[in-house]
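What follows is the residue order along each chain.
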Amino acid sequence: MKSVSESIQATLRAAGILAALGGAASAVQAAELIEIDGSSTVYPITEAVAEEFQISGGGGAQVTVGISGTGGGFKRFCRGETDISDASRPILRDEMVACAQAGVKYYELPIAYDALTVVINKQNDFVDYLTVAELKKMWEPAAQGKITSWKQIRDSFPDVPLKLAGAGADSGTFDYFTEAVVGKAKSSRGDYQASEDDNVTVQFVSRDKGAIGYFGLAYYEENKDKLKAVPIKATESAPAVLPSLKTVNNSSYQPLSRPIFIYVKAKSLQRPVVRQFVEFYLQEGAELAKEVGYVDLPASAYTLALDNLNAGKLGTGFGGTPEVGLHVEDLLKREGKL
């Protein structure tokens, strides 16, 4: 019969073994978790890739995908909290500095094209197209509190109250839209319904005949029964063009088509399961992007991205400033900056 002392020692030894086993199990679980956050625009593609990756085996990984917006995603990424950041615009200079200060190095990988889609209410029967200049008149900071009627946008429009909705300030969609339309990223009137959740914009525009908003093409495709897309003229004399797979691929939908990205933490890529996921993304993402309403890149772009990954080519090809109308193949050939 064991003494009390021996029983206590045996219990402690067992507890120690269980604690060690529990710690090992936790470590395995942590190693199998791939944490992603960022753009709500990129979310549908990443979510689709994550589901397919896990169905295919996925190295036993658990992939979590958040939607805190491009800016919110980069804040977490540059603090080292996530493995991958979804982004609907390139990393900005202040975010590059934050990552550098935290020792976070990364790969910039374009994964699809998106077309920012300007939407109006289904009952709107007077807007046949809009020019970029008219969009600027609506959205520039000087319009705040002053441009409040459709008639102020074009004389032939009725005197119907102009109600605006769009992306919030933490959104990469907001940055790209303001850069392309107003001419300066983050330059916008503030008196509009702002949200990082594109479904808020869908609801807002669908309820008001005088409402107008914008978001990615995939969200329009999901909600085309509730909204109308507006053809856009780059200039007054240019043709009016609707966003579509064809018009993005042939570069006729300008200036509102753009590449979208994932950023992968270099340290995370050292984990086999993360590398496996990223390679799967580049190999299968084109087809999945099309399935959820986006435009796939040329096949050569995915090959170049994979080559850059295998060559250890770190950093961004933008250097902290977004560019409108850039071809991804040219981007992928640039030297990376951290």
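Reading the values: the criteria
- Residues numbered from 1 in each chain as written.
- Predicted model: local features only at pLDDT ≥ 70, side-chain atom pairs only at ≥ 80, totals over all residues.
- Heavy atoms only, no water.
- Helix = DSSP H or I, 4+ residues; strand = E, 2+ residues; numbered from the N terminus.
- Buried < 20%, exposed > 50% of the residue type's maximum accessible area, 1.4 Å probe, protein only.
- Areas by Shrake-Rupley, 256 points an atom, 1.4 Å probe, with all protein chains shown as cover.
- Lys, Arg positive; Asp, Glu negative; His and termini not counted.
- Charge placed at Lys NZ, Arg CZ, Asp CG, Glu CD.
- 1 Å grid on protein atoms, 1.4 Å probe; cavity = no way out; pocket = protein on both sides within 12 Å on 5 of 7 lines; lining within 4 Å.
- Points joined across faces, edges and corners; volume = space filled by probe spheres on them.
- Nonpolar A, V, L, I, M, F, W, Y, C, P; charged D, E, K, R; others polar.
- pLDDT = per-residue confidence, 0-100.
- Contact = heavy atoms within 4.5 Å.
- Pairing = 2+ DSSP bridges.

Quick look at the overall build of the protein now. Regarding its fold elements, the protein presents 13 helices and eleven strands. The dimensions of the protein, computed from C-alpha atoms along their principal axes, are 100 × 45 × 35 Å. Looking at the protein as a whole, 51% of its 338 residues qualify as buried. When the accessible surface of the protein is totalled, it reaches about 14,700 Å², and 53% of it is carbon and sulfur. Taking the 35 positively charged and 42 negatively charged side chains of the protein as two groups, their mean positions are separated by 4 Å.

Our next topic: empty space enclosed by the protein. Within the structure shown, the criterion is met by three cavities of 30 Å³ or more. Each pocket or cavity is described by its volume, and for the largest cavity that value is around 110 Å³. What lines the largest cavity is a set of 14 residues, among which Glu108, Asn308, Lys313, Gly315 and Gly317 lie closest to the centre. Elements represented by at least two residues in the lining of the largest cavity include exactly β4 (106–121) and α13 (328–333). A per-element tally of the lining of the largest cavity places β4 first, with three residues. Tallied by class, the residues present in the lining of the largest cavity amount to five nonpolar, five polar and four charged.

What follows deals with the confidence of the model for the protein. Overall, the prediction assigns the protein a mean pLDDT of 88, with 90% of residues at 70 or greater. Overall, residues 1–31 carries pLDDT values under 50, and its contacts beyond four positions in sequence, including any with other chains, amount to six contacts.

Another point: the layout of surface pockets. As a volume, the largest pocket reaches approximately 200 Å³. Lining the largest pocket are 16 residues, with Tyr113, Val248, Ser251, Leu326 and His327 positioned closest to its centre. Here the lining of the largest pocket gets three residues from one element, more than from any other, and that element is strand β11 (residues 257–265). Grouping the amino acids of the lining of the largest pocket by side-chain chemistry returns seven nonpolar, six polar and three charged.

Our focus in this paragraph is the pairing of strand β1 (residues 33–38). Of the pairings in the sheet, the one linking β1 to strand β2 (residues 62–65) comprises four bridges and is parallel in character. Paired with Leu33 across the strands is Gln62, a residue of β2. When β1 meets strand β3 (residues 84–87), the two strands line up parallel, connected through three bridges. If you follow Asp37 over to β3, its bridge partner there is Ser85.

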